[in-house]
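Results of the structural survey
Listed below, chain by chain, are the residues.
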Amino acid sequence: MHFKLGLYEHQSAGALEGLIAALVNNPKLASGGAEGIDNINIVAYEPAFGIIGDPAKKDPKTRQSADHSMAFIVSRMLQKAIKMGGVPASNQEAWKALMLAPQDYGKEALFDPATRALMQKIDFAHGGPDFDA
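Residues numbered from 1 in each chain as written. Predicted model: local features only at pLDDT ≥ 70, side-chain atom pairs only at ≥ 80, totals over all residues. Heavy atoms only, no water.

A look at the nonpolar core
Formed by 33 residues in total, the largest nonpolar core has its most connected members in M77 and L78. Counting residues per element, the ones that place at least two in this core are α1 (13-25), β1 (40-44), α3 (46-52), α5 (70-84), α6 (91-98), α8 (113-119) and β2 (122-126). Sorting elements by how many residues they give to this core places α5 first, with 9 residues. Aside from chain neighbours lying at most four places away, what touches L78 is L19, L23, I37, I40 and L118. (Core = buried A, V, L, I, M, F, W, Y, C linked by side-chain atoms within 4.5 Å. Buried < 20%, exposed > 50% of the residue type's maximum accessible area, 1.4 Å probe, protein only. Helix = DSSP H or I, 4+ residues; strand = E, 2+ residues; numbered from the N terminus. Contact = heavy atoms within 4.5 Å.)

Some words on the side chain of T115
Following the sequence through the fold, T115 ends up in helix α8. Within the structure, T115 has its side chain in polar contact with the side chain of D112 (distance 2.8 Å). In this structure T115 touches F72, S75, R76, Q79 and A109, once residues within four positions along its chain are discounted. (Polar contact = N/O pair within 3.5 Å; in protein donor to acceptor, adjacent residues only side chain to side chain.)

Concerning the environment of P60
By the secondary structure assignment, P60 is in the loop between α3 and α4 (63-66). Counting along the chain gives 16 residues from P60 to R76, while the straight-line C-alpha distance between them is 12 Å. Excluding residues within four positions of it along the chain, P60 makes contact with S65, A66, S69, F72, L110, F111, R116 and M119.

Looking at the confidence of the model for the protein
When pLDDT is averaged along the protein, the result is 90; 94% of the residues meet or exceed 70. Across the protein, the element-wise mean pLDDT spans from 89 in α3 up to 96 in α8. (pLDDT = per-residue confidence, 0-100.)

What follows is the structure, encoded as structure tokens:
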């Protein structure tokens with residue numbers, strides 16, 4: 001039996017944990033807004049890169065394609081933090097506040113201009129053999 005606690009592809013968990021840590025440790029990332037973010041670099045191991053890093057997945061049009069898009073998942077979570085103006089001071093509370101929910105995959109969310117703009121700032125790469133070991 002498979003049970004999901006959050007609505008995101010499990011291969012994105014490392015990037016999401018990194019995003020949460022960055023937001024908790026650098027509160028100005030969220031309070032400064034998207035304009036203060038030039039780019040987002042994500043490096044991952046092969047299964048993650050192959051499953052959720054396909055460049056075609058930078059333009060999801062359905063919930064099913066969005067929850068398998070690293071760019072969408074990370075951007076949506078980051079957009080939630082920006083809208084909140086910051087995140088709680090602990091990783092655990094930040095996870096609770098930013099956890100993606102069904103409405104984060106609805107039509108309005110899928111085509112949200114702010115989320116889409118953040119998606120364009122993401123570079124997602126395979127880290128090579130060292131990441132796959």
